[in-house]
Amino acid sequence: MKIISKKKLIDNPGMKITEINVSAPHIAAKIKAGEFIVLMVSENGERIPLTVARADQEKGTITIIFQEAGLSTTLLGKLAVGDSLYSIVGPLGHATEIKNYGKVIIVGGGVGIAEIYPVAAALKKAGNHVTTILGARTKAMLILEKELKEVSDELLIATDDGSYGKKGFTTDILKEVLSKGGYSLVYAVGPIPMMKNAASVTRPFNVKTIVSLNAVMVDGTGMCGSCRVTVGGSVKFSCVDGPEFDAHLVEWEELGKRNQIYLEKEKHICKLASGAAPK
Ligand code: FES
């Protein structure tokens, strides 16, 4: 589980997104679009669920793209080429249902773009007409544009500040594209408000909408219950029942609140780790 290569995709004070290539031949041989892995940076570290953006079966490597958003991902970002991860478990979760739907729309926001990449590639390979919509706060925070262009028939971009593509949100573009008609599937990954809005936009068009949820996970194997979400009135565990669910059936308010649970503790730990006095 050695790090073979490392690249900073975004490196500014507001956002750090890093790509690492890790030797993991057993996972590279098996992983499918939509599945995820859980890695540990060190023996006493927390388990971090992450998507594999690419797998190279010949080289036995997997490519992981992550945003430094807390202590564990910050520590992961500090590892260098040649360092080893303590553990990687996977593939976990259910793979995306890949088939020829006809015309599909893939929507990715922020670091969620790393998650849509393998799904877009697999859907394109299955013969779909793929329209991809990417969103970022600003042009400098957009990742994988070139890679997604290669696996899309049409690529559209939205930035919050209008520095690239259309000024506004991915969901504004989604509404425009859906108005043309003929789409059978929307697949969206990004921040919870974005996925929730995508569900609201697609509902009147009656288009099947799948989201991959970033619920808080601990063990990643259905044992702890921390990743539970309510979908269609039933309790589901994101790690073993998902991570993909029908966006029209997800209880978004509950998911949003659950994902805030550890925010204050995380800030406190990060301050301690950086040597700052906690408030
Ligand atoms: S992470 Fe523990 S049940 Fe899903």
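Treat the numbers as computed from the prediction; the structure is a model and nothing was measured.

Before going further, it helps to examine the overall build of the protein. Helix and strand content of the protein: nine helices and 15 strands. For 279 residues, the compact-globule formula gives about 19 Å, and the C-alpha radius of gyration of the protein, at 18 Å, lands near that figure. For the protein, the C-alpha atoms occupy an extent of roughly 55 × 45 × 40 Å along the three principal directions. With 279 residues in all, the protein has 42% of them scored as buried. Here the contacts in the protein between residues at least 6 apart in sequence split such that 63% fall between residues at least 24 apart.

The next point concerns the sheet that holds strand E3 (residues 36-40). With antiparallel pairing, the six strands of this open sheet are ordered in space as E1-E2-E5-E4-E3-E6. Pairing within the sheet leaves two strands with one partner each, and these edge strands are strand E1 (3-12) and strand E6 (87-92). Averaged over all adjacent pairs, the angle separating strand axes in this sheet is 30 degrees, with direction ignored. When strand E2 (residues 15-23) meets strand E5 (residues 61-67), the two strands line up antiparallel, connected through seven bridges. Across the sheet, Val22 pairs through a bridge with Ile62, a residue of E5. Where helix H3 (residues 112-125) meets the sheet, it contacts strand E4 (47-56) and E5, and its direction lies at approximately 40 degrees from that of E4.

Moving on, we come to unusual backbone geometry. With an omega dihedral of 0 degrees, the bond running from Gly90 to Pro91 counts as a cis peptide bond. Looking at where Pro91 falls in the secondary structure, it is placed in strand E6. The omega angle of the peptide bond from Gly242 to Pro243 is 10 degrees, so this bond is cis rather than trans. Here Pro243 shows up in the loop between helix H7 (238-241) and strand E15 (244-246). Look at Leu144: it is not a glycine, yet its phi comes out positive at around 60 degrees.

Our next topic: the environment of Gly182. With respect to the helices and strands, Gly182 occurs in the loop between helix H5 (170-179) and strand E11 (185-189). Note on Gly182: 9 C-beta atoms within 10 Å, which makes it exposed. Spatially, the C-alpha atoms of Gly182 and Lys8 are 38 Å apart, while their sequence positions differ by 174 residues.

Entries for the protein in the domain assignment read domain 1 (3-92) and domain 2 (96-212). Here domain 1 and domain 2 have C-alpha centroids that lie 23 Å from each other. Taken together, the contact pairs twelve residues of domain 1 with 13 residues of domain 2. Of all the elements in the fold, those that place two or more residues in the side of domain 1 that touches domain 2 are E1, E2, E4 and E5. Counted by class, the side of domain 1 that touches domain 2 contains seven nonpolar, four polar and one charged residues.

Quick look at the nonpolar core now. Counting residues in hydrophobic clusters, the biggest one holds 77 residues, and the most contacted among them are Ala120 and Ala198. By residue number, the principal contributor to this core is H3, which donates eight residues. Looking at this core, you find at least three residues from each of domain 1 (3-92) and domain 2 (96-212). Beyond its immediate stretch of four places on either side in the chain, Ala198 contacts Val107, Thr171, Leu174, Val186, Ala188, Thr209 and Ala247.

Reading the values: rules and limits
- Residues numbered from 1 in each chain as written.
- Predicted model: local features only at pLDDT ≥ 70, side-chain atom pairs only at ≥ 80, totals over all residues.
- Helix = DSSP H or I, 4+ residues; strand = E, 2+ residues; numbered from the N terminus.
- Rg over C-alpha atoms; globule rule 2.2 N^0.38 Å.
- Buried ≥ 20, exposed ≤ 12 C-beta atoms within 10 Å, placed from the backbone.
- Contact = placed C-beta atoms within 7 Å.
- Pairing = 2+ DSSP bridges.
- Axes fitted to C-alpha atoms, helices over the stretch in contact; angles between N-to-C directions.
- Domains from an automatic or database assignment.
- Nonpolar A, V, L, I, M, F, W, Y, C, P; charged D, E, K, R; others polar.
- Core = buried A, V, L, I, M, F, W, Y, C linked by C-beta atoms within 7 Å.

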